[in-house]
Structure formats: structure tokens, C-alpha cells
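Residues per chain are reported as follows:
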Amino acid sequence: MRPLLVLLSCLACLTPPAWAQLAPPSDELVKGVDSYNRGDLFAAFAYLRAAADRGEAEAMVNLGYMYARGQAIPRDPAYALRLYERAAKLGDAEGMNAIGYRYNVARPPDLDKAIHWYCRAVLLGNPRAMNNVALLFYNGIGVERDRDEARDLWRQSGALGNLNAVVNLAGDTLADPASSLADRGAAIETIHSAALKNSAQAQAILRQRGDTEVFPPALDMQLKMTLEPRNPAPGSSRLCGNLLS
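Scope of this entry: the structure provided in the associated data block. (Residues numbered from 1 in each chain as written. Predicted model: local features only at pLDDT ≥ 70, side-chain atom pairs only at ≥ 80, totals over all residues. Heavy atoms only, no water.)

Topic: the environment of G235
In step 1: Inspection of the secondary structure puts G235 in the segment after α12 (200-208).
In step 2: The exposure class of G235 is buried, given its relative accessible area of 0%.
In step 3: For the pair G235 and L123, spaced 112 residues apart in sequence, the C-alpha to C-alpha distance is 5.3 Å. (Helix = DSSP H or I, 4+ residues; strand = E, 2+ residues; numbered from the N terminus. Buried < 20%, exposed > 50% of the residue type's maximum accessible area, 1.4 Å probe, protein only.)

Here's the deal with the state of the cysteines
In step 1: Summed over the entire model, instances satisfying the criterion amount to 1 disulfide.
In step 2: Disulfide pairing places C119 opposite C240 at an S-S distance of 1.9 Å. Around the S-S axis, the bridge from C119 to C240 shows a dihedral of about -70° and counts as left-handed. One end of the pair, C119, is in helix α7 (residues 111-123); the other, C240, is in the segment after α12, with 121 residues separating them in the sequence.
In step 3: Exposure remark for C240: the relative accessible area of 0% places this residue in the buried category. (Disulfide = S-S within 2.5 Å.)

Observations concerning the pattern of salt bridges
In step 1: Counted under the stated rule, the structure contains 9 salt bridges.
In step 2: Between R54 and E56 there is a salt bridge; the shortest N-O distance is 3.8 Å.
In step 3: Judged by its relative accessible area of 15%, E56 falls in the buried class.
In step 4: In this structure, the salt-bridge partner of D146 is R238, at a minimum N-O distance of 3.1 Å. Taken as a pair, D146 in the loop between α8 (127-139) and α9 (147-159) and R238 in the segment after α12 lie far apart in primary sequence, 92 residues in all.
In step 5: We classify R238 as partly exposed; its relative accessible area is 43%.
In step 6: The network of salt bridges with shared partners includes R147, R151, D172 and D176. (Salt bridge = Lys/Arg side-chain N within 4 Å of Asp/Glu carboxyl O.)

Structure, rendered in C-alpha cells:
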């Protein structure tokens, strides 16, 4: 493996700083997230812009997502990245995750920088970053493939409410020929529950298994806006060092 752990070793001595603890979300942020998820993009943009202009880091990240996707405004990935960076400087874990994702999907990708930022977000308990690092381990991208490490990260992320991580873990259980019948049954129940919560990924898995049930409209949970968990426990991954030290 490349000397990636050397790059990340400094993370082992970090603990979540006081300024990284999120204050309660403003009314504008809550309304912006709700409006976005209802499909009212212009209202979402107005609310998030107002909250971001007042310095609310979480609003900056979600506003950045809208610029990155060209929703309600012309697409501007460069400005989106600046918003992520502003949020990250304020200690926002989702901003750090968003920067990591940009490096992850760049052409060509810069996986060292992606993992650096993902790990900073994992340290602060960000469930999306945990899911993203899990996918790197599961697929052996930039790191040696490690299914157990991926599963552990998915459990951590799922415990914080990340539906993609829940479905990824259940889907892996179904894909593993060593899974017991009881575990496979529990995985199917988990996936069915996620499908009822609009998960496009869960619905696709069930369709592939021949399920013809009528589900609610499918949504890509990667694109859904969610409020960040308040003061979560630090996440952990062997890639990121001892995050609890």
C-alpha cells in the first residue's frame, strides 16, 4: 500500500475541538433543508443563502451542494468548493466530507486528499464520511480491500441514521454466501424498511429479487439533504488512526 497512513498519522492525536460542536440549526436552515427535500428548490436556495450569509456553516455546505448540482442557480462547482472550504474552516464535518468527495470523484481522483478530508470528518462523527470510507475499503479503492472494516464503518454510520450505510451493510449480507439464513432474513427486512422510506437503492435490490410491491417514490439518498447530528461521538477507522485518543 502507498504510505497513506503517514499522511494521516497526525489525525491520531486530534480530538474534536470545542468549535466543532454544532449549535442548534436556525429556522432558515431547517426550512431550507425541508424545502429542498420537498422539491421547492428556489425556496430552499433563498433560505440556505440567508443562513449561509449569516455565517451558518451547515447552510454553506448545503448551499454548496445546490451550486455543485446547478439547482435553482447555474452550476458552479468552483464556488461550491469554496463554500465547502469555508464551512470546513468553521469546523463543519459535512463540509470536510464534501471536500473529500470532490477529491474522490475528480478526474483524475486524488485519493490521498480525499481520505485526508474524509478522516477529518469521521473524527467529528460525520455519518456520510463513514459511509464513503467504507466504500473505499469495500471496493479496495486507494486502500487494501477490507470487508470487515467496511462493515464496521457502515454500522457506525447507520447508527447515526445514514440510510445508505444501512442498505449497504444489508446488501453486503445478502451478497455474502457465508451469511446465515437468519442474517439474510434480517437483511431483507432492513432493506424492505429502507425501501418504504424512499431509498432508491433498497428498492432496486428488492426489484432484482423479484419483489413487485408498490413502494413510495424512489429517491437517491445521496442527494437528500439532512441535518447533521449534533455532538456525535467520534467515529473510528484503522485508516484514520486512533480517533478517540
